[in-house]
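Here is what each chain is made of, one letter per residue.
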There are 2 protein chains.
Amino acid sequence: MNGAESIIKTLIGGGVNTCFMNPGTSEIHFVSALDSVREMRSVLCLFEGVATGCADGYARVTGKPAAALLHLGPGLGNGIANLHNAKKAYTPMVNLVGQHATSHLEYDAPLTADIEGLARPVSHWVRTTQNSATAAADAAAAIVAARTPPGQIATLILPSDANWDSANGPVSTPSPPKPSPASPERISAVAKLLRRRENTVLLMGDPVMRDEKLIGMASRIAKSSGARLIGNWYGSRVSRGAGRPVFERLNYGVDQSIRILRGTRHLVLVGAREPVGFFAYPNKPSLLAPPDARIHHLVDVHEDIPAALEALAEALGAFSFSPDLAPLQRPALPTGDLSPETIWTTLAALMPENAIVSDEAISAGRMAGPLTQTAPPHDWLHVTGGSIGQGLPVATGAAIGHPDRQVIVMEGDGSGMYTLQSLWTQARESLNVLTVILANRSYRILHNEMKNLCGKEAGPRSSPMMSLDDPDLDWVALSQGMGVPAKRVATLEAFIDAFRRGIEEPGPYLIEAVI
Amino acid sequence: MNGAESIIKTLIGGGVNTCFMNPGTSEIHFVSALDSVREMRSVLCLFEGVATGCADGYARVTGKPAAALLHLGPGLGNGIANLHNAKKAYTPMVNLVGQHATSHLEYDAPLTADIEGLARPVSHWVRTTQNSATAAADAAAAIVAARTPPGQIATLILPSDANWDSANGPVSTPSPPKPSPASPERISAVAKLLRRRENTVLLMGDPVMRDEKLIGMASRIAKSSGARLIGNWYGSRVSRGAGRPVFERLNYGVDQSIRILRGTRHLVLVGAREPVGFFAYPNKPSLLAPPDARIHHLVDVHEDIPAALEALAEALGAFSFSPDLAPLQRPALPTGDLSPETIWTTLAALMPENAIVSDEAISAGRMAGPLTQTAPPHDWLHVTGGSIGQGLPVATGAAIGHPDRQVIVMEGDGSGMYTLQSLWTQARESLNVLTVILANRSYRILHNEMKNLCGKEAGPRSSPMMSLDDPDLDWVALSQGMGVPAKRVATLEAFIDAFRRGIEEPGPYLIEAVI
C-alpha cells in the first residue's frame, strides 16, 4: 500500500467518502489509488473553484465533510474564493492540496509556491505531510479538525512522495472534540434579562438557523418572554417554509437593518456575532444595533448551542409555549410581467417539498424571503462570505449530497459567470439541479451602490465596467455547451412552463430569465 | 479630488494607463473616478483570473505594467493563479485590491479576509494604504516596485475610505532603480572558461529570450567559443522565427532535457536559474544538468544582462561572429489527418508576420517548436508558472497591448475551461485573437503522467477523473455564448479554411479542432 491508498482508506474510515477534484501530475498517485480503494466517490470538476464550492454545498446539506483535491498553490488559489465562503459558513471540509515531492521543493520549479501561506487565510487548520508513513495519521487529524465544532476548513498539503512511497495502512479517526458548554452564568443572566421584558432581541446566527429544532426552541424562548426573534440575513443553510418556525431577518441594506433593530435595548446573541454592515458606507455606522443597546452573549458558535437553548428554555418555562410556525400557503401562479417578484412567486408556487435553494440572485433576490416563507419546507443556502461564484457549485455539491432532493439555483448572470464550469459536472453526474439565471445583463448591485455611495448614476466610462450587455451573454449556448439543456424566456408564461419542465424532468436544466 | 482620482491620475502619470478589472462595492469610487479621469483605459473582465492574466499578457508584449483591479480577498483569490504565472514571468504589474473601509475592518464582516496574507505568496511587494492622503504616494511606490528589474508584482490594497475621502492630488512617480551591474570578476571568469572550449553550455533564462538582440549576443558568444546555446523551455515571451537567432531548447520531459544536457562540463547561467524538472519523479533527479557539470553564474535576472553580455562578447571578440539566424522557410500547407502536427504546420504556413502566439497546448504542443522555427518572426508566450488557465487571458491582454498584431492562442480544451470568460472580453473589445482549441477531450498530459509515474494505464475509476468526454464540451456553443464566432472542425481541410478565416477577418474567432 502506498501513501495515497492509506490516505483514501483513512478518509473512508473517517466518514469522508466523497471527493471533488481537479487533479494534476503531483496528485496522480492519489487519482490512481481510486482504482484500488473503490469506496471513494470522486467527482471531477473543471475548475478548482467548482471543487471547493461543491465540497461546501455537500457538507451544508449532509452535515458531513467532503474532501476537495486541488493541484498545488495555483489550484488552491483557484479554490480560495469558495473556501472563504465555506469558512464563513462553518463548513467542515478536508481540503487536500498536492505539493511537489519534498526533495524537489528546494529547486523552486515553476509550480512551486508558498502553499501554507495561501492556505492559512482560508483555513482553520493547515498541515504539510512529512512523508508517506505519517500521511494516514495526518488525514485522520484533518478529519478531526474539519469536524471540530462548529465545522472547520482543514487543509492538508500532500507532497507527491507522501503519496507514492509505501505506507503502513490507514489509521482510524478519533472522535472530534465536543463543543464546550456555554457558561451557566451567562444563561442565567440572559434568563433574568428576558424576564424583564425590555425591548429584547434574540439574534440567531448561522448554526441556529440550520436546524428547525433550534429555531423552535429560540422561538419558544422569544414567545415566553416577549422578545423578538431575528436571524442574521445570511446563513449556510436556513431551515424554513411551511411547518417551520418563522422569524424576522436582517437585510443586506444597512439602513433597513438599522430600522429593523431600532428600539432594541438588549441584543442577545445566540450563536451569532454582533450584526455589522456587509460593506461600510461614509456617514453610516458599521454596527447595526442601536448604539445604546446592550449586547449579551448567550452562546457562541464553538459552544453547545442546543444545550444552552434548552437550559434557557427550561429556566423560562418556555416549553409550554409553541413556536409560531409558517402555514402552508402556496401563492397562486402569478400573472403579468417577468420580473424578480413574479419569478420568486413562481418558485413559491411550484417548488417541491424539501427542495434546496441555492440563492445567489444578489440584487434580484431582495424580496425572496417573504415571498417564499409559506412555501413547502425547504433549505435555503446563502452566500456566506460574500464571494460571488458560489451559487452554482454549492448547488452541484448539494445535489451530490442529496440526490433525492430537488436543487434550485437562483443565480445572477454576473455571479454565474465566475464558476459556470459547474454546469458540466451537473451534466456528467445527471444531477437534479434547476438553474434559473436572473439575467439583468449587469452587475446591477454595483449600479445601485454607485448611487448609494457616490450619489450619482454611472457615467459613460464607469457604466460599462458594471454592465454585461455588450455583448449579451447567451446562457442557453453556454449551458448547452456543457451538456445542460437550457431555455431562454422573456415572458412569465414561458418562464412558468420552463420552470415546470425543470422540476418534472430528471437531470439538470437551466432557464435564462431575461429581466 | 478624492483618493481614487488621485490614484488614477498618479497611475496615468507613471505610465500605467490600462486597467483590467472586476470591481465590487468596495472599489466603486475607483470605478466612478473613471468618469472624471478619462485617460485610463479600463477593460472589464467577468472573472478576476481573466483580469490578472490580461495584465500579465499586456505587460509581456508591451514591456509596460498594466493595473488589475480586484474585489477584496476572494477577488484576489480568483486572480492568484495568473498572478503566480506573472510572478514567475517577471511581469511588472500594479495589482490593486479593494478592501473594506479601515474603520469597518475590526467587525469581521463576511467579505473580510487576510488580504495581505493572500497577496504575499504571489507578490514581490505588498502594501495597504492607510488613508486617502497617502494613496497617491502608495500608487507611485507600487509603480516603482512593479518596474524594479526584472519586473515585479506590486500589490496595493486600497481601503474604500482611502478612495472616497478627499486627497491632495496625484504625485509623480520616480524612476525605478536600475539593475545592478553583474560582477566583472564573474564576467572575466566566464570569458576565461569559454576560451577553454570544454563542452560548455550557455543557458539563457527568460529575460534573455525576450529580446532578439540579447539572444544575438549570446549566439555570437557561443559561436566564438564553440559553446552550445540553449534556452529554458518556457519563457514569458520568446523572440523567434525567421531572421532571429536560433537556439536549442530544454523540454518538459525530464529524460529529454537530461539527454539534451548530457556531456555538459560547464553550464553558464545567463539570466537563468539552474535547470530543474517541472515535476519530480521517483528515481529521477530533480536537477537536469549532469551531476559532475560545474555551474557558473554569469548574470542573474536582477542584474544588467545586456551590459554583462556585451562585456563578455567584447572580452571574447565575439562581435566578429554572426549569430545563426533562422531562415524564412514556411512549410507547405499540410495534407492528411487533423493532428497536432498538421495543426502546428498550418500555423507555420499561415501565421502573419509579427504574430503573438499564446501557447497553452500542453500535451498537444510538444512538437510546436521545431515546426514553427522558420515561420515569419513572432513572439511566443509560454505558461511560465505551470498554472493552467493562462492561455486565453494572456492572449486577451496581449491583444489590448498590441491591437495591430495578430494574436493566436493554441489552447488545450482542459486548460481553456479555467478562464473561458476571457472570450467575452475579446468580443467586447473586438480583439484580433484567433483561438485554436486542441480538443482531445481529456487532460491528456495526466493520462501520460499516470503511465510515467504509476507505470500503468488509468483504470475505470481513475480514468474519468482525467477525461472530458462525458459529456463532450461544445466549444462552439461556449464561444458563441460569449459573442465570439466559432467553428468546429474535424478534418485538416476544414481546419485550414477556418484558420485562414480567423486570420483574415478582424475581431476574435475560435476554432475547436477535434483531435
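Residues numbered from 1 in each chain as written. Chains lettered and ligands numbered in written order. Predicted model: local features only at pLDDT ≥ 70, side-chain atom pairs only at ≥ 80, totals over all residues.

Draft legend 1. Here's a closer look at the overall build of chain A. Looking only at helices and strands, chain A has 20 helices and 18 strands in total. For 515 residues, the compact-globule estimate of 2.2 N^0.38 gives 24 Å, and chain A sits close to it at 24 Å. Projected onto the principal axes, the alpha-carbon positions of chain A cover approximately 65 × 60 × 45 Å. For chain A, buried positions account for 64% of its 515 residues. (Helix = DSSP H or I, 4+ residues; strand = E, 2+ residues; numbered from the N terminus. Rg over C-alpha atoms; globule rule 2.2 N^0.38 Å. Buried ≥ 20, exposed ≤ 12 C-beta atoms within 10 Å, placed from the backbone.)

Draft legend 2. Representation of the relation of the copies chain A and chain B within the structure. Least-squares fitting of chain A to chain B yields an RMSD of 0.0 Å, with the transformation described by 0.0 Å of translation along the axis and a rotation of 180°. Here the two chains are linked by the operation of a two-fold rotation axis. The fraction of interface residues of chain A whose copies in chain B are also interface residues reaches 100%, indicating that both copies meet through the same surface. (Least-squares fit on C-alpha atoms with pLDDT ≥ 70 in both. Contact = placed C-beta atoms within 7 Å.)

Draft legend 3. Spatial organisation of the interface of chain A and chain B. Each side of the interface is counted separately: chain A has 81 residues, and chain B has 81 residues. Every element with two or more residues in the side of chain A that touches chain B is listed here: α2 (28-33), β2 (41-44), α4 (72-88), α5 (115-119), α7 (160-164), α17 (422-428), α18 (444-454) and α19 (475-481) of chain A. No other element matches α4 of chain A, which puts eight residues into the side of chain A that touches chain B. Of the residues that constitute the side of chain A that touches chain B, the class distribution is 44 nonpolar, 27 polar and ten charged. (Nonpolar A, V, L, I, M, F, W, Y, C, P; charged D, E, K, R; others polar.)

Draft legend 4. Representation of the pairing of strand β18 (residues 509-514) of chain B. All names here are of chain B. β18 sits mainly inside the fold: five of its six residues count as buried. The sheet contact formed by strand β16 (residues 433-439) and β18 spans six bridges and is parallel. When the bridges of β18 are listed, A439 appears paired with V514. Taken together, the four bridges between strand β17 (residues 486-489) and β18 define a ladder with parallel strand orientation. Bridging across to β18, R488 finds its partner in E512. With helix α20 (residues 492-504) bridging β17 and its parallel neighbour β18, the resulting β-α-β unit is right-handed. (Pairing = 2+ DSSP bridges. Right-handed = clockwise from strand over helix to strand, strands pointing away.)

Draft legend 5. Local environment of the domain arrangement of chain A. Residue and element names in this part refer to chain A. Segmentation of chain A into domains returns domain 1 (3-164), domain 2 (184-235 + 245-320) and domain 3 (340-514). The gap between the C-alpha centroids of domain 1 and domain 2 is 36 Å. With four residues of domain 1 at the contact, the number on the domain 2 side is four residues. Looking at the side of domain 1 that touches domain 2 residue by residue, the classes come out as four nonpolar, no polar and no charged. (Domains from an automatic or database assignment.)

Draft legend 6. Summary view of the nonpolar core. A218 of chain A together with A218 of chain B are the most contacted members of the largest nonpolar core, which totals 374 residues. Aside from chain neighbours lying at most four places away, what touches A218 of chain A is L202, M204, V208, L229, V270 and L309 of chain A. (Core = buried A, V, L, I, M, F, W, Y, C linked by C-beta atoms within 7 Å.)

Draft legend 7. Focus on the sheet that holds strand β14 (residues 378-381) of chain B. All names here are of chain B. In spatial order, the strands read β9-β14-β13-β15-β16-β18-β17; together these seven strands make up an open sheet with mixed pairing. Each edge of the open sheet carries a strand with a single partner, namely β9 (238-240) and β17. Taking the axes of each pair of neighbouring strands and ignoring which way they run, one obtains an average angle of 20° across the sheet. Note that strand β13 (residues 355-360) and β14 share four bridges and pair parallel. Residue pairing for β14: S358 is matched across the bridge by L381. (Axes fitted to C-alpha atoms, helices over the stretch in contact; angles between N-to-C directions.)

Draft legend 8. Seen up close, the confidence of the model for chain A. Per-chain confidence: chain A averages 97 in pLDDT, with 100% of residues scoring 70 or above. At the level of chain-chain contacts, confidence expressed as ipTM amounts to 0.97, with global pTM at 0.98. (pLDDT = per-residue confidence, 0-100.)

Draft legend 9. Fine view of the sheet that holds strand β6 (residues 153-159) of chain A. Residues and elements named next belong to chain A. Spatially, six strands are ordered β2-β1-β3-β4-β6-β5 in an open sheet, and the strand pairing comes out parallel. Of all the strands in the sheet, just β2 and β5 (125-128) have a single pairing partner and so form its edges. Between one strand axis and the next, the sheet turns by 20° as a mean value, whatever way the strands run. As paired strands, strand β1 (residues 18-21) and strand β3 (residues 66-70) are joined by three bridges and run parallel to one another. For C19, the partnering residue across the bridge sits in β3 and is A67. Against the sheet, helix α6 (residues 132-147) makes contact with β4 (93-99), β5 and β6, and its axis sits at roughly 165° relative to β6, the strand it touches most.

Draft legend 10. Structural context of the packing of helix α1 (residues 3-13) of chain A against α6 of chain A. All names here are of chain A. Contact geometry for α1 and α6: axes closest at 8 Å, N-to-C directions at 20°. In terms of axis orientation, α1 runs roughly parallel to α6. Crossing of α1 over α6 shows right-handed handedness. Facing α1, whose interface residues are G3, S6, I7, T10 and L11, α6 presents S132, A135, A136, A139 and A140. (Parallel < 35°, antiparallel > 145°, perpendicular 65-115°, else oblique. Left-handed = near helix turned anticlockwise from the far one by under 90°.)

Draft legend 11. Highlighting the environment of A142 of chain B. Residue and element names in this part refer to chain B. Mapped onto the fold, A142 is located in helix α6 (residues 132-147). Residues A142 and S224, spaced 82 residues apart in sequence, show a C-alpha to C-alpha distance of 42 Å. Those residues within four positions of A142 in sequence are excluded, and the remaining contacts are V94, A154 and L156.

Draft legend 12. Just the pairing of strand β11 (residues 266-270) of chain A, in detail. Residues and elements named next belong to chain A. The element β11 is largely enclosed, with a buried count of four among its five residues. Where strand β7 (residues 200-204) and β11 come together, five bridges link them in parallel fashion. Bridge pairing in β11 places T200 opposite H266. Here β11 runs beside strand β12 (residues 294-299); their pairing, made up of five bridges, is parallel. Looking across to β12, one finds that V268 is bridged to H296.

Draft legend 13. Examining helix α10 (residues 212-225) of chain B more closely. The terminal C-alpha atoms of α10 of chain B, which comprises 14 residues, lie 20 Å apart, in line with the 20 Å expected from a rise of 1.5 Å per residue. Burial within α10 of chain B is extensive, with ten of its 14 residues counted as buried. (Expected span 1.5 Å × (residues − 1).)

Draft legend 14. Just the packing of helix α13 (residues 340-350) of chain B against α20 of chain B, in detail. Residue and element names in this part refer to chain B. Where α13 contacts α20, the axes come no closer than 11 Å and their chain directions differ by 35°. Note on packing geometry: the crossing formed by α13 with α20 is right-handed. Residues T342, I343, T346 and L350 of α13 lie in contact with α20, whose contacting residues are L492, F495, I496, F499, R500 and I503. Within the contact of α13 with α20, the residues separate by chemical class into seven nonpolar, two polar and one charged.

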